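Structure at a glance
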Amino acid sequence: MTVECFRFENILIEVKSVEGTCKAGFHVGKVFTLEAMVPKGLCPFLYHSILPYLEAIENGAFFNLSEKNFILVQCPNPKVGVTVKIHQTKEKETQISVMAIHAKKVNCPYHHFEMGKNWLMPFNQATFCRRAYDSMFPYLNALSSQIRNGSAGRNVFSVTCPSYPNFVTFKEIRLKPQR
Amino acid sequence: MNPCEYTSSIKSLPIVLSCIKKDARCGYHKIGQIYKFPDICPEGLCPEAYHNLYYITLGILFNAKYKEEKLIVKCPGIKNYVVFEAGFEKLNLRFKLLNIVKKMLRRFYPGQIYQGRLFWEITSIKGECPQIHSIGSRFYINRGNFQITPNLLFPLGELHELCPAVFDNLFPYLYSWKLEKGIPYTNDSNNLIQCPDHKANITFKIAEISK
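Residues numbered from 1 in each chain as written. Chains lettered and ligands numbered in written order. Predicted model: local features only at pLDDT ≥ 70, side-chain atom pairs only at ≥ 80, totals over all residues.

We now examine the overall build of chain A. Of regular secondary structure, chain A possesses two helices and eight strands. Along chain A, from the amino end to the carboxyl end, the secondary structure elements read β-β-α-β-β-β-β-α-β-β. Buried residues in chain A amount to 38% of all 179 residues. Sequence separation of at least 24 residues holds for 53% of the intrachain contacts in chain A that already meet a minimum separation of 6. (Helix = DSSP H or I, 4+ residues; strand = E, 2+ residues; numbered from the N terminus. Buried ≥ 20, exposed ≤ 12 C-beta atoms within 10 Å, placed from the backbone. Contact = placed C-beta atoms within 7 Å.)

Our next topic: the overall build of chain B. Each helix and strand in chain B was counted, giving five helices and ten strands. Relative to the globule expectation of 17 Å for 211 residues, the C-alpha radius of gyration of chain B, 18 Å, shows essentially globular dimensions. On the principal axes, the C-alpha backbone points of chain B span a range of 50 × 40 × 25 Å. Buried residues in chain B amount to 41% of all 211 residues. (Rg over C-alpha atoms; globule rule 2.2 N^0.38 Å.)

All right, on to the nonpolar core then. Ranked by internal contacts, the top residues of the largest apolar core, which has 95 residues, are I50, Y53 and Y139 of chain A together with V166 and F167 of chain B. Take this core: its biggest share by element is nine residues, from helix α1 (residues 44-58) of chain A. When sequence neighbours within four positions are dropped, the list of residues in contact with V166 of chain B reads C195, I202 and F204 of chain B. (Core = buried A, V, L, I, M, F, W, Y, C linked by C-beta atoms within 7 Å.)

Looking now at the sheet that holds strand β1 (residues 11-19) of chain A. Residues and elements named next belong to chain A. Spatial ordering of the open sheet is given by β2-β1-β8-β7, a layout of four strands whose pairing is antiparallel. Looking along the sheet, the strands with just one partner apiece sit at the ends: β2 (31-33) and β7 (158-160). If you compare each strand with its neighbour and ignore which way they point, the axes differ by 30° on average. In this sheet, strand β8 (residues 167-174) lies alongside β1 in antiparallel orientation, the contact comprising eight bridges. Along β8, the bridge assignment pairs E14 with K171. Sheet strands touched by helix α2 (residues 130-149): β1, β7 and β8. Its angle to β8, the strand with the most contacts, is close to 25°. (Pairing = 2+ DSSP bridges. Axes fitted to C-alpha atoms, helices over the stretch in contact; angles between N-to-C directions.)

The first and last C-alpha atoms of α1 of chain A sit 20 Å apart over 15 residues, in line with the 21 Å expected at 1.5 Å per residue. G60 of chain A occupies a position one or two residues after α1 of chain A and carries a positive phi of about 85°. (Expected span 1.5 Å × (residues − 1).)

Let us look at the packing of α1 of chain A against α2 of chain A. Relative placement of two packed helices is described by the angle separating their axes and the distance separating the axes. Residues and elements named next belong to chain A. Where α1 meets α2, the axes come as close as 10 Å, and the angle between the chain directions of the two elements is 145°. Helix-helix and strand crossings are classified by hand; for α1 and α2 the assignment is left-handed. Counted together, H48, L51, L54 and E55 of α1 and R130, D134 and F137 of α2 form the full contact between these two elements. Class assignment of the residues belonging to the contact of α1 with α2 gives a composition of three nonpolar, one polar and three charged. (Left-handed = near helix turned anticlockwise from the far one by under 90°. Nonpolar A, V, L, I, M, F, W, Y, C, P; charged D, E, K, R; others polar.)

Okay, the confidence of the model for chain B next. Residues and elements named next belong to chain B. Of the residues in chain B, 98% reach a pLDDT of 70 or more, and the chain-wide mean stands at 88. Per-element mean pLDDT across chain B ranges from 83 in strand β7 (residues 146-149) up to 96 in strand β3 (residues 72-74). Taken over the whole predicted complex, pTM reads 0.91, whereas the ipTM for its chain interfaces reads 0.92. (pLDDT = per-residue confidence, 0-100.)

If you look at the interface, chain B gives 44 residues, while chain A gives 47 residues. Listed by contribution, the elements that provide at least two residues to the side of chain B that touches chain A are α2 (47-61), β3, α4 (164-170), α5 (174-180) and β9 (192-194) of chain B. Sorting elements by how many residues they give to the side of chain B that touches chain A places α2 of chain B first, with seven residues. Of the residues in the side of chain B that touches chain A, the class split is 26 nonpolar, 13 polar and five charged.

Residues and elements named next belong to chain B. Sheet topology note: the strand β4 (residues 81-89)/strand β5 (residues 117-126) ladder contains nine bridges and is antiparallel. Residue pairing across strands places E85 opposite E121, the latter belonging to β5. Where β5 and strand β6 (residues 138-140) come together, three bridges link them in antiparallel fashion. When the sheet's bridge partners are listed, E121 is paired in β6 with R138.

Summarising the element assignment, V166 of chain B is placed in helix α4. Along the primary structure V166 of chain B and I40 of chain B are separated by 126 residues, whereas in three dimensions their C-alpha atoms are 9.3 Å apart.

A cis amide bond links Y164 of chain A with the next residue in sequence, P165 of chain A, at an omega value of 10°. Within the secondary structure, P165 of chain A sits in the loop between β7 and β8. At I132 of chain B, a position not held by glycine, the phi torsion is positive, near 55°.

What follows is about the environment of C75 of chain A. Residue and element names in this part refer to chain A. By the element assignment, C75 lies in the loop between β3 (70-74) and β4 (83-89). C75 sits 32 residues away from C43 along the chain, and the two C-alpha atoms are 8.9 Å apart. The residues contacting C75, other than those within four sequence positions of it, are C43, F45, L46, S49, V80, G81 and V82.

What follows is about α2 of chain A. Residue and element names in this part refer to chain A. Across its 20 residues, α2 extends 28 Å between first and last C-alpha, which sits within 8% of the 28 Å expected from 1.5 Å per residue. The principal kink in α2, of about 45°, is found at M136, preceding the proline P138 by one to four residues. In terms of residue burial, α2 counts as a mostly covered element, since 16 of its 20 residues are buried. Among the residues trailing α2, G150 stands out with phi positive, at a value near 80°. (Bend = angle between axes of the 7 residues up to and from the residue.)

Next up, the structure:
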């Protein structure tokens, strides 16, 4: 993930504290790369946009009359317009969300999306807690802008997930750039 | 950039959002509609908290069934934070009538059947909140009004606020706008943002308010 829109070279996220029990299984000291937070090959901006829909459909939200209850969601950039289809498969009665690129108007400058590309997501088994990623995304993006702008100070950010009363606090770790 | 600092850093952002595109039915927006910042979320509600709340708000609006008995969300603050709980008030008469029509047409046209008017109520505050929130305050989630024609909305009692989905898409990039005068896309669309609905394609142009 070294593209210009999202600059996170030398940034890690560490679990700083855990209040109560974390359903996602985070424990203090666990460290994540930014790449580990987003499904491989999926644009982090698009992923942020679809998260509420993933959460909704996995909890039985009803979006249309089709047997395969699905929703089409697009990325925030109108000049790119990548649209993904979100629905659940019935494989082994495990709730799985499949996202497929449904349409694209122009080539995405960052990810070479192909029509029909899928990401399979076992229900509640994301590599990184989605709610935490959603909560963290504005601060990650702010940091990315600061890095690009050359104004990232020494202060690192901390943020919590939105769960309560059990919640996890995450802290940014900035590594020294490799020469 | 820590929680609370984010909001204070964009508080006086001199931007205006103009709706420039609408391709399908939408009960929130009309072409030419303008929103000045910070009037992009329910009055008095911290935008950082609203961003966290939206994550499960969408599911609640579309009748998702969550396992939890109470739907509780905290803002991203660490030492100082605010906790919200979801609740419902009765629907007004117009929404009740609309629900009846939607149920009758459901075979042909699936629409959201609202069970009640969703609100998020502050149930506890730890430390000091710079937004001066208070326990018991309620913030209502805007469900939009009813579109008759693309530029004529029948009022159902909802305020003309920015659609929550557009807010959720836009909010994480506001600091980038402040710092880089654009959303961090690397093509010529860095002053545009669209809603997640691929049919409606509601698109907003962001511009600085000239001093």
